[in-house]
Structure formats: structure tokens, C-alpha cells
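Architecture at a glance
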Amino acid sequence: MFNFGELVKMEYRKLFQRKLVWITIAVLTAGCIFAGISGLLGKYYINGEQVDTHANMLRTDTAYARRLSGQAVDDALIGRMQEAYGKVPQDAQLYVATSEYQTYARPYSEIHNFVLRIAENRWDTVTSGELYDLRRVAVEQGWTKMFLTAAEKTYLSGLEDQLTVPFTYRYDDGYTNYLSLLYMVAVLMLLGVAVCVPQIFSEEYSRRTDSLIASSPLGKKPLYLAKIVTGLTFSLGLALLLAAVTAVSVFSVYGPDGFSAAIQLDYPTLSWKLTVGEAALLLTGIFLLSSLLFGAVAMLLSLAFRNTAPAMALLLAYLLVTGIFNIPDEYRIAGQLWSYFPVNSCNLTSAFSQRLLQLGDTFLAGWQVTCLLYPVVTVIFLLISYHRYRKIPS
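Rules of the game
Residue indices begin from 1 for each chain and proceed along its sequence in written order. With the structure being a predicted model, the display of local features is reserved for residues of pLDDT at least 70 and the display and counting of side-chain atom pairs for 80 or more, all residues being used for whole-chain, interface and lining totals. Excluded from the side-chain calculations are hydrogens and water; all other atoms, namely the structure's heavy atoms, are used. Strands are runs of DSSP state E lasting at least 2 residues, helices are runs of H or I lasting at least 4, and numbering of each runs from the N terminus. Exposed residues in this analysis have more than 50% of their type's maximum accessible area, buried residues have under 20%, and partly exposed residues fall in between, with area computed by a 1.4 Å probe over protein chains only. By definition, residues are in contact when any of their heavy atoms lie within 4.5 Å. Calculation of accessible area relied on Shrake-Rupley with a 1.4 Å probe; when residues are assessed, cover is drawn exclusively from the protein chains displayed. We define a polar contact as two N or O atoms separated by no more than 3.5 Å, with the added condition that, inside protein, one atom must be a possible hydrogen donor and the other a possible acceptor, whereas residues neighbouring each other in sequence contribute only through side-chain atom pairs. By this rule, a helix spans an expected 1.5 Å times one less than how many residues it contains. This arc corresponds to the set of directions leading from the helix axis out to the C-beta atoms. For this analysis, a ring pair means two rings from Phe, Tyr or Trp (six-membered ring only for Trp) whose centres lie within 6.5 Å, classed as stacked if their planes differ by under 30 degrees, edge-to-face if by over 60, and tilted for the remaining angles. Side-chain atoms within 4.5 Å are what join buried Ala, Val, Leu, Ile, Met, Phe, Trp, Tyr and Cys residues into a set we call a nonpolar core. Angles here are taken between N-to-C directions and fall from 0 to 180 degrees, while the axes themselves are lines fitted to C-alpha atoms, restricted in helices to the stretch in contact. If an angle is under 35 degrees, it is roughly parallel; if it is over 145, roughly antiparallel; if it lies from 65 to 115, roughly perpendicular; otherwise it is oblique. In this scheme, a crossing is called left-handed if the near helix is turned counterclockwise away from the far one by less than a right angle; it is called right-handed if the turn is clockwise. Residue polarity is assigned by list, with Asp, Glu, Lys and Arg as charged and Ala, Val, Leu, Ile, Met, Phe, Trp, Tyr, Cys and Pro as nonpolar; anything else, Gly included, falls into the polar class.

Remarks on the overall build of the protein chain
The helix and strand inventory of the protein chain stands at 17 helices and four strands. Dimensions of the protein chain along its principal axes, counting C-alpha atoms only, are 85 × 55 × 35 Å. The burial tally for the protein chain puts 46% of its 394 residues in the buried class. Across the protein chain, every contact between residues at least 6 apart in sequence was considered, and the portion connecting residues at least 24 apart equals 75%. A total of about 19000 Å² of accessible surface is found on the protein chain, and carbon and sulfur atoms cover 62% of it.

Notes on the side chain of S291
Tracing the backbone through its elements, the reader meets S291 in helix α13 (residues 276-305). The buried category is assigned to S291, whose relative accessible area is 0%. Of note is the side chain of S291, whose polar atom sits 2.5 Å from the backbone oxygen of L288. Ignoring sequence-local partners within four residues, the contact set of S291 consists of M189, S235, L236 and A239.

Notes on helix α7 (residues 128-145)
With 18 residues, α7 extends 26 Å between its outermost C-alpha atoms, agreeing within 8% with the 26 Å of an ideal straight helix rising 1.5 Å per residue. Residues of α7 that are buried: S128, L131, Y132, R135, V139 and W143. Axial view of α7: buried residues confined to an arc of 120 degrees, hence all on one face. Across α7 from its buried face, at more than 90 degrees, point the exposed residues D133 and K145. Residues of α7 that are buried make contact with α4 (75-86), α6 (109-119) and α8 (150-162).

Some details on the packing of aromatic side chains
The full count for this structure, using the stated rule, is 15 aromatic pairs. A centroid spacing of 5.9 Å and a plane angle of 10 degrees characterise the contact between Y12 and F16, whose relative ring orientation is stacked. Here F16 and Y12 lie together in helix α1 (residues 4-16), a separation of four residues that amounts to about one turn. Each ring, one from Y132 and one from F167, has its centre 5.5 Å from the other, and the planes form 80 degrees; the classification is edge-to-face. Of this pair, Y132 sits in helix α7 while F167 is found in the loop between α8 and α9 (173-196), placing the two residues 35 residues apart along the sequence. Judged by relative accessible area, which is 12%, Y132 ranks as buried. Here F167 falls in the buried class, since its relative accessible area comes to 3%. Connected via pairs of aromatic rings, a cluster forms that spans Y12, F16, W22 and F234.

What about the environment of K145?
Its place among the elements puts K145 in helix α7. Separated by 184 residues in the primary sequence, K145 and D329 place their C-alpha atoms 7.2 Å from one another.

Side note on the environment of T233
Along the chain, the position of T233 falls in helix α12 (residues 221-254). In the structure, T233 is positioned 59 residues away from L292 in sequence and 8.0 Å away in space, judged by C-alpha atoms. A polar contact is formed between the side chain of T233 and the backbone oxygen of V229, at a distance of 2.6 Å. A distance of 3.2 Å separates the side chain of T233 from the backbone oxygen of T230, its partner in a polar contact.

A few points about the nonpolar core
Formed by 103 residues in total, the largest nonpolar core has its most connected members in F114, V115, L131, W272, F287 and F352. With residues up to four places along the chain from it excluded, the contact list for V115 reads I78, M81, E120, W123, V126 and L131.

Remarks on the packing of α1 against α12
The contact between α1 and α12 brings their axes to 9 Å, and the two run at 55 degrees. When the axes of α1 and α12 are compared, the pair comes out oblique. As α1 runs across α12, the sense of the crossing is right-handed. Facing F4, L7, V8, M10, E11, Y12, K14, L15 and F16 of α1, the residues of α12 in contact are P222, L223, L225, A226, K227, V229, T230, T233 and F234. Broken down by class, the residue content of the contact of α1 with α12 amounts to 13 nonpolar, two polar and three charged.

This is the structure we're talking about:
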């Protein structure tokens, strides 16, 4: 096991000597940067005439939203929003183009959107008490649509009772945009792992150098461990890079405000007592664990085929399937299992779904299941890989 560090360095040198690896990292990083700053790009047109830029609109709306931060969404705030929107001409073809909207209503657009998501066409007359009653009705209707059991409903009802209403509005666009982008970042990460990691094991077979390993005094085990460490750390490092680039891009545009904002402000029917900042940290953790699992799978496939192309093809096929395939809620068990799969689990609605895993008297949310499951599955794949690597004749 001496010179283990040198073996890892050698594997990294071989990996980064490939131009494809550098190109892949550069393209994925650029994609994350573009996604993070895309809200600043472009111009806003009405009837073919430019009236503003998206960057200026974003600055204006952000300023209005920050003025509302810290205020409870109660009768007073809802009443001011209703009064402001009541000044907008009802017969206007495009109400956002009216001076009344820009002057009176726009500063309350965040509150209007929150109320509209819950009360729909009653937004102009609803009181805060009615609003939160309507939200609870919508939550329970969602439980029925997801075919939850009576035990799950009882558990979630207890969580609902722990929520503090009225909610306090906080500007949190940085976190909500980061959360919405993390699924895309997971797709890019899988693409990067599929392109780069399989060659760590397959290269020695494609170059016919595998027989040299068997003739070395230390045999295959130290090199296997070096390759595993290289594959896992590369996968994790790529995930950290993409997550960090995305976070920096998003927060540089929208700001880091709102870590303590209740997740219900943006996802009203969720029952978890979480802030958007906590949700962002948890989802990032799942994303990082996914990268280790992807790396382990990529190395196992490259060992199984002793070739980069089939391993890459299977990983990309999986990526395609997760993007186009969805299991309806009525197939409860299959849909819940599908939500635990990597990439799917990096979607906020899967990670924080109301569908629970019951183990005796304990209930686990999707994010808890994946945080427990992924390390175990990763180790299993690594053990299978070692068994496969040891049995391959040289």
C-alpha cells in the first residue's frame, strides 16, 4: 500500500491528460453559469415595442419584494394588496402595462402571487383566516390525490399543526431559483460523470496494459483502491464545482436574502416545517451523495464491459429515461420508489414529497430515505466492483 498517493496522482494525471475531460468540465460549468444569470438576459416587449429590460425589471421587483420582507401575510398586508390591485382597470387588455399596475399593484405582486396560488379567483375578497383555511383544504386534497394512508395523513396533520400562521413573507428568490435549478445541475453532473469516470477502469484494458498489473509485487488491490478513490473524488469534486458555480451565479443575481423564509411561501401545500435555506442545504446534500453513487455505478459498468462506450451509453440512457418517464400517483409504490432514484431525488417535489416511508412507528421523508440509502448502495456497488476487478483475468 506504499505509494498509494502516487497511484492516485497517476490516475488523476491520466484522467486530466484527456482533452475531453477538460472540455466537458468547461461546458458544464458554463451551462451552470448561464442558467444562474439567465434572468438578467433579454428585453421585455409589449405589442412589439421594447418597454424594459429583464435586468431592470428584476432589480425593480427585487426592491419591492425586499420592502415587504419581515411582514406577516395577515389581513393588513392582504388588504393593502387587494386595495392596490383594485386600482388596476379591470377592462385593460394587458393589466401589467397600465400605469396603475406599475404605480400601485406591482409593489405587492409577491403577496398577490402567494394569495393567488391558494385562493385562485377569490384573491380579491379573501381574508387571511379564509386563506389559511383554503390552504389546509388544498393540502388535504393533495394527500388524497397522492393516495396517502390514514397513518401518513395523521402524521402530516401533526406537522401541519406545528406550522406558525400567518406566514411571514421574506424575499427568497435566490434560494428558490437555486432549488429549481438543482435538478438541471444533477443532470449535467451525471452527464459529466458518464463521460469522464468510466475510462478510469477501462483504459488499461483498451491499451492492453492490464497484464502489467498482475505481474507487479502488490497486485491489483492497491491500484483498485486508487482508481476507486480517483473516481469517487472526481465525481464529488465535479458535483461540488457545479453546485458552487450555480449558487454563486444565482446569489450574485438575486442575493442571499431569505434563508429563514418558510418553504410554504413558495410551495404552499408542503407540510414540512422547513425554511428554504434548510431545504437548499438538504437538497444539495442529496445531490452530492448522488454524485458518489453515480461514480460508483460508472466504474462498475466500465469494469463489467471493460469499455468506456457501453458504460457511457447506459448512463446516458438512464438520464434520458429519467427525463421523459413519469409514474402517475395512482401507482403509489412504483411512483415512490421512482422518486428515490438519483436525479429524480434532486427534484424538490420528490425530495420533500408528502409520500412517506413507514418503518413501524417511524415515518421517513424522501430526502431522509435517500440520505440513508445512497451511502449503503454506493458501498455495495464498490464491493461488487472489487469482486469483478479481482476476477478479471489479466
